[in-house]
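Below are the chains, spelled out letter by letter.
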Amino acid sequence: MIRSELVQLLVQENPGLSVREVEKIVSIFFDEIVGRLSEDGRVELRGFGAFSTRARDARLGRNPRTGESVEVDAKRVPYFKPGKEMRVRLNM
């Protein structure tokens, strides 16, 4: 599912809200998750899962096109851990 499909589904399920209002709600929701993660925080949605970040060390990588060695800087990457309820529903 992509963002626009999510917006359309929410509009169908909430006829009292306009498309513009739903788009704003979805944007705020995602912006808050990204903002919290950028502050090195954690976002937990009960029954769904938890978003956090993990540190990746600097390393020596390889350019797949040329085979040349390339330095890859240290960075933080997003990580998602599904909740118990999601795991159970996926494995039914």
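Here the structure is a predicted model, which is why all the values come from computation and not from measurement.

**Remarks on the overall build of the chain**
Next, step 1: For the chain, the count of helices and strands is 3 helices and 5 strands.
Next, step 2: Its helices and strands in sequence order give the chain the pattern α-α-β-β-β-β-β-α, from N to C terminus.
Next, step 3: Its C-alpha atoms give the chain principal-axis dimensions of about 55 × 30 × 30 Å.
Next, step 4: The burial tally for the chain puts 15% of its 92 residues in the buried class.
Next, step 5: As presented, the chain carries roughly 7,900 Å² of accessible surface, and 52% of it is formed by carbon and sulfur atoms.
Next, step 6: In the chain, which carries 17 positive and 14 negative side-chain charges, the distance between the mean positions of the two groups comes to 6 Å.

**Points about the sheet that holds strand S2 (residues 49–56)**
Next, step 1: On the basis of which strands lie adjacent, the open sheet formed by 3 strands has the order S1-S2-S5 and antiparallel pairing. The open sheet is flanked by strand S1 (43–45) and strand S5 (75–82), the only strands paired with a single partner. Taking each pair of neighbouring strands and ignoring which way they run, the sheet shows an average axis angle of 30 degrees.
Next, step 2: Bridge count between S1 and S2: 3 bridges; the pairing is antiparallel. Considered in S2, the bridge of Leu-45 is made with Gly-49.
Next, step 3: Helix H2 (residues 19–38) rests against S1, S2 and S5 of the sheet, and its axis sits at about 40 degrees to S2.

**Observations concerning the environment of Ile-25**
Next, step 1: Along the chain, Ile-25 falls in helix H2.
Next, step 2: Ile-25 sits in the partly exposed class, given a relative accessible area of 48%.

Rules of the game
Residues numbered from 1 in each chain as written. Predicted model: local features only at pLDDT ≥ 70, side-chain atom pairs only at ≥ 80, totals over all residues. Heavy atoms only, no water. Helix = DSSP H or I, 4+ residues; strand = E, 2+ residues; numbered from the N terminus. Buried < 20%, exposed > 50% of the residue type's maximum accessible area, 1.4 Å probe, protein only. Areas by Shrake-Rupley, 256 points an atom, 1.4 Å probe, with all protein chains shown as cover. Lys, Arg positive; Asp, Glu negative; His and termini not counted. Charge placed at Lys NZ, Arg CZ, Asp CG, Glu CD. Pairing = 2+ DSSP bridges. Axes fitted to C-alpha atoms, helices over the stretch in contact; angles between N-to-C directions. Contact = heavy atoms within 4.5 Å.

Function cannot be read off these values alone, since they describe shape.
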